[in-house]
Amino acid sequence: MTEGSPTFGQWAQQVQASIEEALAQVLPAAQIAPQRLHQAMRYAVLGGGKRIRALLAHAAGELCGADPTKVVRVASAVEMIHAYSLVHDDMPCMDDDDLRRGKPSCHKEFDDATALLVGDALQSLAFSVLSSADLHDDPQQQLQMVQLLAQASGSRGMAGGQAIDLASVGVALTQEQLEFMHLHKTGALIRASVLLGAYCSDKGRSNKSDAATLSALDHYAKHIGLAFQVIDDILDSEGDTATLGKTSGKDQDANKPTYVTILGLSRARTLATELYENAIQPLAGLDNNLRHSTRLIQIADYIMQRPY
Ligand code: IPE
Ligand code: IPE
Ligand code: MG
Ligand code: MG
Ligand code: MG
């Protein structure tokens, strides 16, 4: 970032507009059969969400000198996995939430079976985008990226974290167990967003100088991913439904263990701040005259201060 470069707000808006366009293009048109499924996929993905995962991929990509036209495609794959996880998360068999991104949840607007299939189809489409032949010059590197997203989404990542979440209703988890759950259900996909952005550049091809960058990015991603879910827990207990765009107080109503129930609000906030400080600490060492980690720090600030 140099003098005269866009403010964080302007930069974020640009990224959000470009991810929206990429998603609108890659999702099948609502007129294509089966129309109802395609309508529901577009409903679940487009016109909502903070696009934090896309912002993270772009910031990491910029730091590593990646081509943004490649990063936006990778980011669209992650955002589709994320949107699918939200569609399923809201279903009656999971959190049973009627509101998402300020609109009726996908299963409320459509129906349960359609919502189930939306998740299935979004997951397939995400991997189709990520494995497109023209996405990366280095097929070996691209294969590693497909693996990374698969692991981050699967039973040792997001889906596994969701399973632990459901099994933890009414259970008094230790802080360590809660951290394990959060690192999986939310942290894994956030970590993947950062690394996939970086892997769009040559930085993914390991040599000595790149190892330091990747390790700082990985450290940042793990800590900010956990901070993200601590803040999500705090917002669930403190935010109002209109601002959140999803039902507030849902965790307490469902008797879910969260950072707020385990630590209380004040200690949960302190923990989020510690995680934030820890996340950005190694980034300072990466700055050089050409590229800065400023965007990653600005995203971390946003994650901490966000109203929803
Ligand atoms: C909400 O994620 C679900 C969690 C993983 C905590 P976001 O807060 O990123 O949701 P959107 O994409 O902005 O709606
Ligand atoms: C959801 O966590 C995480 C995933 C969707 C993987 P939550 O259940 O806390 O998310 P919200 O609060 O409904 O967005
Ligand atoms: Mg949930
Ligand atoms: Mg939920
Ligand atoms: Mg939540």
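Thresholds applied
- Residues numbered from 1 in each chain as written.
- Chains lettered and ligands numbered in written order.
- Predicted model: local features only at pLDDT ≥ 70, side-chain atom pairs only at ≥ 80, totals over all residues.
- Heavy atoms only, no water.
- Donors = N, O, S within 2.8 Å, 3.2 Å for Na, K, Ca; no water.
- Buried < 20%, exposed > 50% of the residue type's maximum accessible area, 1.4 Å probe, protein only.
- Helix = DSSP H or I, 4+ residues; strand = E, 2+ residues; numbered from the N terminus.
- Contact = heavy atoms within 4.5 Å.
- Near = heavy atom within 4 Å.
- Polar contact = N/O pair within 3.5 Å; in protein donor to acceptor, adjacent residues only side chain to side chain.
- Areas by Shrake-Rupley, 256 points an atom, 1.4 Å probe, with all protein chains shown as cover.
- Salt bridge = Lys/Arg side-chain N within 4 Å of Asp/Glu carboxyl O.

(A) Molecular detail of the coordination of the magnesium ion (ligand 3). Taken together, Asp89 (OD) and Asp95 (OD) make up the protein donors of the magnesium ion (ligand 3), found 2.2 Å from the metal. Taken as an interatomic distance, the gap from the magnesium ion (ligand 3) to the magnesium ion (ligand 4) is 3.1 Å; Asp89 donates to each of them. Classification of Asp89 as buried rests on a relative accessible area of 13%. The class for Asp95 is buried, based on a relative accessible area of 18%.

(B) Inspection of the side chain of Gln229 at higher detail. For Gln229, the position within the fold is in helix α10 (residues 208-238). By relative accessible area, which is 5% here, Gln229 ends up buried. In contact with Gln229, other than residues within four places in its own chain, are His182, Lys185 and Thr186.

(C) Focus on the site of ligand 2. Looking at ligand 2, the residues that line it are Ser85, Leu86, Asp89, Asp95, Arg100, Met158, Gln162, Lys185, Gln229, Asp232 and Lys246. Lys185 is positioned with one of its side-chain polar atoms (N or O) 3.5 Å from an oxygen atom of ligand 2. One of the side-chain N or O atoms of Lys246 is found 2.6 Å from an oxygen atom in ligand 2. Relative to its unbound accessible area of 390 Å², ligand 2 is 92% covered by the protein chains. For the shell around ligand 2, the secondary structure elements donating two or more residues are α4 (68-89), α8 (158-167) and α10.

(D) Broad picture of the pattern of salt bridges. The full count for this structure, using the stated rule, is 13 salt bridges. Across the pair Asp165 and Lys185 runs a salt bridge, and its minimum N-O distance is 2.8 Å. With Asp165 in helix α8 and Lys185 in helix α9 (residues 175-199), the pair connects residues that are 20 residues apart, well separated along the chain. The pair formed by Asp165 and Lys185 is uniform in burial state, with each residue classed as buried. For the salt bridge of Asp165 with Lys256, the shortest nitrogen-to-oxygen distance reads 2.4 Å. Within this pair, whereas Asp165 is found in helix α8, its partner Lys256 is found in the loop between α12 (250-253) and α13 (259-263), the two being separated by 91 residues in sequence.

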